Amino acid sequence: MSAPTPPPAATSTEPSTEPSTGPSTEATTDPATAPEGRGPTSGTSLEESVVQDGRNPGAGYLVAGLVVLLGLAWSVRYLEQNVPDWLADTPLSGIAKAVEYPVYAIALGLLGNLVLTALGLRDRLAAAFRTEFFIKTGLVLLGATVNLALIVSAAGPAIAQAFLLITLVFGFTWWLGGRLGIDDKLRALLASAVSICGVSAAISAAGAVQAKKEQLAYAASVVILFALPSIFVLPALAEAFGLTPAVAGAWIGGNIDTTAAVTAAGALAGDEALQVAAIVKTTQNALIGVVAIALTAYFAFKVERTPGASAPRLSELWTRFPKFVLGFLAASIAATVYVNAVGADASADNIAVLKSLSTVFFIVAFVSIGLEFKVTAVREAGWKPLVVFGSATVFNLVVGLGLASVLFANVTV
């Protein structure tokens, strides 16, 4: 849809790209009609057009933008594959192996953002930075790597832990964010990220609550900030506490917010812990759709419903619901049927191809996030979201350890 048009009243007709500091208008302002610069989070929502301020760049700029985007994405892949080798014999070897592609992608995207802004080209090339499209495509492809049959048949304790942990951690994060006065959309992203599976969950939540791109970029950056040290801290704590491999794996899989980081930490804890961690994290990933549905309904019926207004119709809920979540679930079902039909070994190569494609789209999406990021959004959000996410991470660690110790005490790998 086209960029929103400012109302003709006392507002300026000059579109603004800078956020204002008014904290009280977000809950009552329709994100589909609000003018740029109003409310506590400026910028475009994930559902808005990539053409900003009515400017429609020509095909040449679109192609140039794609060249920049794909060039940066290739650089991310290059760094991810080669930095560990470059630093193999240095004290930074362990860190280099643990750094994931989102770190390189967002960092290079931010660097590209600075360069293009200095050259006056960023807005002209912005039509190519299709963050929403790349993210949704990557998530649908990610769904094809989730074997629902494995979860149902082999992860009874993991299912129980996932439901309990998501409910408790999401509730705590939502409550604390409300106490500190954080915008409802941002705290929905933070709560989803810390309780489910990091960036992927934040992306799904962003679609459900119609969050701003700047909010998603902020949430993604916070997830990465906390995920990196946890790769080393949790395996060390598991060893210090004398946890069994099953309990250690369940704790790691239920607490670290990205799948790649879970894999890295699980590997440090041992092969047996890694197997359990992978099942627990996969189970949580499969619940993204459930949370997206709940958030869609909650924001439609509660957060954005004005007093005295009639309840939203089902058609409105369907309009707001992020349809790509259905693609994620459909891909999971299709992959499950396929794996069961031909066998895990025969399907492994094809599933690996889909996983690689998903990673490529995520890399391009994270580069786009960096290219579209506005530092003013971080200044405006301030320190409170960091406090909320950090507190929720500690809460997640404590509750997760308790649940893992109870549910996986008699599990052997």
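Calculation notes
- Residues numbered from 1 in each chain as written.
- Predicted model: local features only at pLDDT ≥ 70, side-chain atom pairs only at ≥ 80, totals over all residues.
- Heavy atoms only, no water.
- Helix = DSSP H or I, 4+ residues; strand = E, 2+ residues; numbered from the N terminus.
- Buried < 20%, exposed > 50% of the residue type's maximum accessible area, 1.4 Å probe, protein only.
- Contact = heavy atoms within 4.5 Å.
- Areas by Shrake-Rupley, 256 points an atom, 1.4 Å probe, with all protein chains shown as cover.
- Phe/Tyr/Trp six-rings, centres within 6.5 Å; stacked < 30°, edge-to-face > 60°.
- Lys NZ or Arg CZ within 6 Å of the ring centre and 35° of its normal.
- Expected span 1.5 Å × (residues − 1).
- Arc of directions from axis to C-beta.
- Axes fitted to C-alpha atoms, helices over the stretch in contact; angles between N-to-C directions.
- Left-handed = near helix turned anticlockwise from the far one by under 90°.
- Nonpolar A, V, L, I, M, F, W, Y, C, P; charged D, E, K, R; others polar.
- Core = buried A, V, L, I, M, F, W, Y, C linked by side-chain atoms within 4.5 Å.
- Parallel < 35°, antiparallel > 145°, perpendicular 65-115°, else oblique.
- Patch = residues over 30% accessible without salt bridge, like charges linked within 9 Å, V, L, I, M, F, W, Y side chains within 5 Å.
- Salt bridge = Lys/Arg side-chain N within 4 Å of Asp/Glu carboxyl O.
- pLDDT = per-residue confidence, 0-100.

### So, the overall build of the protein
(1) Moving on: Helices and strands together make up the secondary structure of the protein, namely 19 helices and zero strands.
(2) Moving on: In the protein, which comprises 413 residues, the share counted as buried stands at 49%.
(3) Moving on: Counting contacts in the protein only where the partners sit at least 6 residues apart, residues at least 24 apart contribute 78% of the total.
(4) Moving on: Carbon and sulfur atoms provide 66% of the accessible area of the protein, an area that totals close to 18,600 Å².

### Side note on the packing of aromatic side chains
(1) Moving on: Under the definition given, this model contains twelve aromatic pairs.
(2) Moving on: Ring centres of tryptophan 74 and tyrosine 78 lie 5.4 Å apart, and the angle between their planes is 20 degrees; this geometry places the pair in the stacked category. Taken as a pair, tryptophan 74 and tyrosine 78 lie in helix H1 (residues 59-86) at a separation of four residues, close to a single helical turn.
(3) Moving on: When the ring centre of tryptophan 174 is taken as reference, the NZ or CZ atom of arginine 187 above it lies at 3.7 Å.

### A look at helix H16 (residues 324-342)
(1) Moving on: Spanning 19 residues, H16 covers 27 Å between terminal C-alpha atoms, matching the ideal 27 Å at 1.5 Å per step.
(2) Moving on: Of all the residues in H16, the buried ones are Phe324, Val325, Phe328, Ala331, Ser332, Ala335, Thr336 and Val339. Here the buried residues of H16 occupy an arc of 135 degrees about the axis, which is enough to place them on one side. Residues of H16 that are exposed and point more than 90 degrees away from the buried face comprise Val337, Asn340 and Ala341.
(3) Moving on: Where H16 terminates, the next one or two residues include glycine 343, which has phi positive at roughly 100 degrees.

### Notes on the packing of helix H3 (residues 101-118) against helix H17 (residues 344-372)
(1) Moving on: Following both chains from N to C, one finds H3 and H17 inclined at 35 degrees, their axes separated by 6 Å at the closest point. Every pair of crossing elements has a handedness; the one defined by H3 and H17 is right-handed. On the side of H3, the interface is formed by Tyr101, Pro102, Ala105, Ile106, Gly109, Leu110, Gly112, Asn113 and Leu116, while H17 contributes Thr359, Phe362, Ile363, Phe366, Val367, Gly370, Leu371 and Glu372.
(2) Moving on: Counted by class, the contact of H3 with H17 contains eleven nonpolar, five polar and one charged residues.

### A word on the environment of alanine 334
(1) Moving on: Within the fold, alanine 334 resides in helix H16.
(2) Moving on: Separated by 188 residues in sequence, alanine 334 and valine 146 place their C-alpha atoms 9.8 Å apart.

### Description of the nonpolar core
(1) Moving on: Core analysis: the largest hydrophobic core is formed by 80 residues, its most contacted members being Val76, Phe129, Leu189, Ile203, Val209, Leu295 and Phe366.
(2) Moving on: The element contributing the most residues to this core is helix H8 (residues 184-197), with nine residues.
(3) Moving on: Core analysis: the next-biggest nonpolar cluster, separate from the first, contains 20 residues, Ile231, Ala246, Val262 and Ala404 among them.

### Let's talk about the packing of helix H10 (residues 213-241) against helix H19 (residues 384-407)
To describe two helices that pack against each other, one gives the angle between their axes and the distance between the axes.
(1) Moving on: Interhelical geometry of H10 versus H19 gives an angle of 30 degrees and a closest axis separation of 11 Å. Compared by their axis directions, H10 and H19 come out roughly parallel. Every pair of crossing elements has a handedness; the one defined by H10 and H19 is right-handed. Of H19, the residues touching H10 (which contributes Tyr218, Val222, Val223, Leu225, Phe226, Leu234 and Phe241) are Pro385, Leu386, Phe389, Gly390, Thr393, Leu397 and Leu401.

### Here we look at a nonpolar patch on the surface
(1) Moving on: Residues Leu92, Ile95, Phe232 and Leu268 make up a contiguous nonpolar surface patch of roughly 370 Å² in combined accessible area.
(2) Moving on: Looking at where phenylalanine 232 falls in the secondary structure, it is placed in helix H10.

### Side note on the confidence of the model for the protein
(1) Moving on: Confidence along the protein averages 76 in pLDDT terms, with 77% of residues attaining 70 or more.
(2) Moving on: Confidence, expressed as mean pLDDT per element, reaches its minimum in the protein at helix H6 (residues 148-154) with 63 and its maximum at H19 with 91.
(3) Moving on: Residue range residues 1-55 is modelled with pLDDT below 50. Its contacts to residues more than four positions away, or to other chains, number 97 contacts.

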